[in-house]
Amino acid sequence: MLSLFYHPIYTDGIDPQARFPRDRYRLLAERLTEFSKIELCEPRKSTRTELLVAHDVDYVDRFLRGALTEQETRHIGLRPWTTDIAARTLHIMGGSLQALELVLEHGGLAGNMAGGTHHAFADHGSGYCIFNDLAICALQALQSPNIKHVLILDLDVHQGDGTASILSGHPDVVTCSIHGDKNFPFVKQRSDLDIALPNDTGDIAYLDALESALEYLPISDFDLLLYQAGVDPLQEDRLGRLAVTRDGLDRRNRRVFESAHAAGVPTVIFMGGGYAEPITPTIDAFVDLFTTASEYS
Ligand SMILES: [Zn+2]
C-alpha cells in the first residue's frame, strides 16, 4: 500500500484566476481513488519550528503574518493569493514531513501529492515555491540516529536551485539535479551533481543522463532518498522543452524505484512540476508515477 498525502486545500488554496494549474491536485486525487494499492491520507500542518530547520526566521514570520512585500509575492507567483495561502503551504509542508516520518519508521515508499518546492531559498520564495520541503525533510531526517547520508534526486525539468543553495554547507545531504539547461531558473546554483540537458533531449539521452547520475551517486550509498519526481520534462509540457514521452518518464520512475527498492533505501516522493495545457497529459504522467510507485511499496 502506498500512502500519499493529499488535502483539498492543495487546489482550493490557490485562486481560480491564478496562472498556476491548480486543478491538477483535485483531478489526480480523483483518478487515484480508483487504485486499491494507493491510500490518500490527510496531512497535518507543519509547525513554525519545522520550517526554521531550513529557513530564516524573518522570512518565515513575515510569511506567516501575511507581511511579504509585493516584490516577494510576485517572485513566488500563485497570485492572487487567497486567505488560505498560509494554511495551504503549511499542509503541503506537513504532508512531506508525514511521508518522511512514515518511511523513517517503516521503510519503503511514501509520497506527497504536492511539494517538491525546490525553488524556495532560505530567505525567499521563487517559482511557485514558498518553503523548501526537500531541504526541510533532509535536515529533519538527519536528526534521526539511523540517517547519516541523504540523497536528493531532483528530476523536475527545472534546476533545484533553492535546494542546492540551502544545502550547500551540508555534506551529509547530496543534491543531484537533472534539468533543462535553457530553462528557468536562468541563474543556476551549484548542486553536488548537475546535469543540464539541451532542448528536445528525448527519451534515450534523458534516460542515459539518469544512468550516469546513478552510476556516480548509487542510491545504495545513502540511508534515505528524497525524490523530486516532476513530470514537466514531458513533451506536452508548456514549460518543459525536453521532449520526453510518457513512456520515457515511466521508465525513469521505474529505474529510480527499482534501484531504491533493491538497496532497501527508504524513499519519499515529492510531486514537483507539470504544466501541460490542457492538463490531461500531466495528470496521466502523475498517475503513472504514483501507480508505479505503489508496485514497489
Ligand atoms: Zn518544474
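To start, this report covers the structure provided alongside it.

About the criteria used
- Residues numbered from 1 in each chain as written.
- Predicted model: local features only at pLDDT ≥ 70, side-chain atom pairs only at ≥ 80, totals over all residues.
- Heavy atoms only, no water.
- Helix = DSSP H or I, 4+ residues; strand = E, 2+ residues; numbered from the N terminus.
- Core = buried A, V, L, I, M, F, W, Y, C linked by side-chain atoms within 4.5 Å.
- Buried < 20%, exposed > 50% of the residue type's maximum accessible area, 1.4 Å probe, protein only.
- Contact = heavy atoms within 4.5 Å.
- Pairing = 2+ DSSP bridges.
- Axes fitted to C-alpha atoms, helices over the stretch in contact; angles between N-to-C directions.

### A look at unusual backbone geometry
Following Phe184, the chain continues to Pro185 via a peptide bond in cis, the omega torsion being -5 degrees. Relative to the helices and strands, Pro185 resides in the loop between β5 (173–180) and β6 (193–197). With an omega of -5 degrees, the peptide bond between Glu277 and Pro278 qualifies as cis. Along the polypeptide, Pro278 turns up in the loop between β8 (267–270) and α11 (280–295). The phi dihedral of Leu78 falls on the positive side, at around 65 degrees, and the residue is not glycine.

### Focus on the nonpolar core
In this structure, Met113, Ile178, Leu226 and Phe290 are the most contacted members of the largest nonpolar core, which totals 97 residues. Considering each element in turn, this core owes the most residues, nine residues, to helix α6 (residues 85–106). Excluding residues within four positions of it along the chain, Ile178 makes contact with Asp154, Leu155, Asp156, Ile195, Leu197, Tyr206, Ala209, Leu210 and Ala213.

### Remarks on the sheet that holds β8
Pairing is parallel in the open sheet, where eight strands are placed in the order β2-β1-β3-β8-β7-β4-β5-β6. The open sheet has two edge strands, β2 (38–41) and β6, and neither has a second partner. Along the sheet, successive strands turn relative to each other by an average axial angle of 15 degrees, direction set aside. Here four bridges tie strand β3 (residues 109–112) to β8, and the two strands are oriented parallel to one another. Considered in β8, the bridge of Leu109 is made with Thr267. Of the strands in this sheet, β1 (2–5), β3, β7 (224–228) and β8 are in contact with α6, which crosses β3 at around 175 degrees.

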